[in-house]
Amino acid sequence: MADSVDVGGSQIFRRLGYWILLLLIASLGFLQIGIEIGDNEFLATDLLAILLVIVWLVGTLTRQIRFRWDRSYWFIIAYLAAAVVSTVFSSEPNRSFGVLPRAFYLAGLAFL
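**Q** Which residues make up unusual backbone geometry, and what values go with them?
**A** Its identity as a non-glycine residue notwithstanding, arginine 63 has a phi of 65 degrees, on the positive side. Relative to the elements of secondary structure, arginine 63 occurs in the loop between helix H2 (44–61) and strand E4 (65–66).

As structure tokens, this is what we get:
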């Protein structure tokens, strides 16, 4: 996760984000049961990922979490760029486009 900045002695978003990330990683190893919300079915892992992004964004905006750039992120960006180029020039772009959101999802977890 990102480095913390102690604002007013409270690091609730950093701690909460840390535990949600641990839950998310642990949930990957278990059988996923879908949760229906409206007409859509979501996995518990997907809901944890959404919650983690919300906590991370709120923590960043309140300056309890600070994003720290790492040089290894360039490799992730290069991979995502290659995936986009591959999708655009694919012989079946519609089929390839379905894989692209998964690549961005996993890359997003690496940035968190």
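**Q** Run through the nonpolar core, naming residues and quoting values.
**A** If you look at the biggest cluster of nonpolar residues, it comprises ten residues: Ile20, Leu21, Leu24, Leu48, Ala49, Leu52, Val55, Trp56, Ile65 and Leu112. Taken together, the elements giving at least two residues each to this core come down to helix H1 (12–27) and H2. Looking at this core element by element, the count peaks at five residues for H2. In this structure leucine 48 touches Ile20, Leu23, Leu24 and Ser27, once residues within four positions along its chain are discounted. Counting five residues, the second largest nonpolar core, distinct from the first, contains Tyr73, Ile76, Leu80 and Ala103.

**Q** So what's going on with the packing of helix H3 (residues 73–88) against helix H5 (residues 100–111)? Residues and values would help.
**A** Two elements in contact, H3 and H5, have axes whose closest approach is 10 Å; the angle formed by their N-to-C orientations is 175 degrees. Between H3 and H5, the interaxial angle falls into the category roughly antiparallel. For the pair H3 and H5, contact is made by Tyr73, Ile76, Ile77, Tyr79, Leu80, Ala83, Val84 and Thr87 and by Leu100, Ala103, Phe104, Ala107, Ala110 and Phe111, respectively. The residue inventory of the contact of H3 with H5, partitioned by class, reads 13 nonpolar, one polar and no charged.

**Q** Pulling in residues and values, what's your account of a nonpolar patch on the surface?
**A** Residues Val84, Val85, Val88, Phe89 and Phe104 make up a contiguous nonpolar surface patch of roughly 490 Å² in combined accessible area. It is H3 that contributes the most residues to the nonpolar patch, three residues altogether. Among the secondary structure elements, valine 85 is positioned in helix H3. Judged by relative accessible area, which is 46%, valine 85 ranks as partly exposed.

What counts as what
- Residues numbered from 1 in each chain as written.
- Predicted model: local features only at pLDDT ≥ 70, side-chain atom pairs only at ≥ 80, totals over all residues.
- Heavy atoms only, no water.
- Helix = DSSP H or I, 4+ residues; strand = E, 2+ residues; numbered from the N terminus.
- Core = buried A, V, L, I, M, F, W, Y, C linked by side-chain atoms within 4.5 Å.
- Buried < 20%, exposed > 50% of the residue type's maximum accessible area, 1.4 Å probe, protein only.
- Contact = heavy atoms within 4.5 Å.
- Axes fitted to C-alpha atoms, helices over the stretch in contact; angles between N-to-C directions.
- Parallel < 35°, antiparallel > 145°, perpendicular 65-115°, else oblique.
- Nonpolar A, V, L, I, M, F, W, Y, C, P; charged D, E, K, R; others polar.
- Patch = residues over 30% accessible without salt bridge, like charges linked within 9 Å, V, L, I, M, F, W, Y side chains within 5 Å.
- Areas by Shrake-Rupley, 256 points an atom, 1.4 Å probe, with all protein chains shown as cover.
- Salt bridge = Lys/Arg side-chain N within 4 Å of Asp/Glu carboxyl O.

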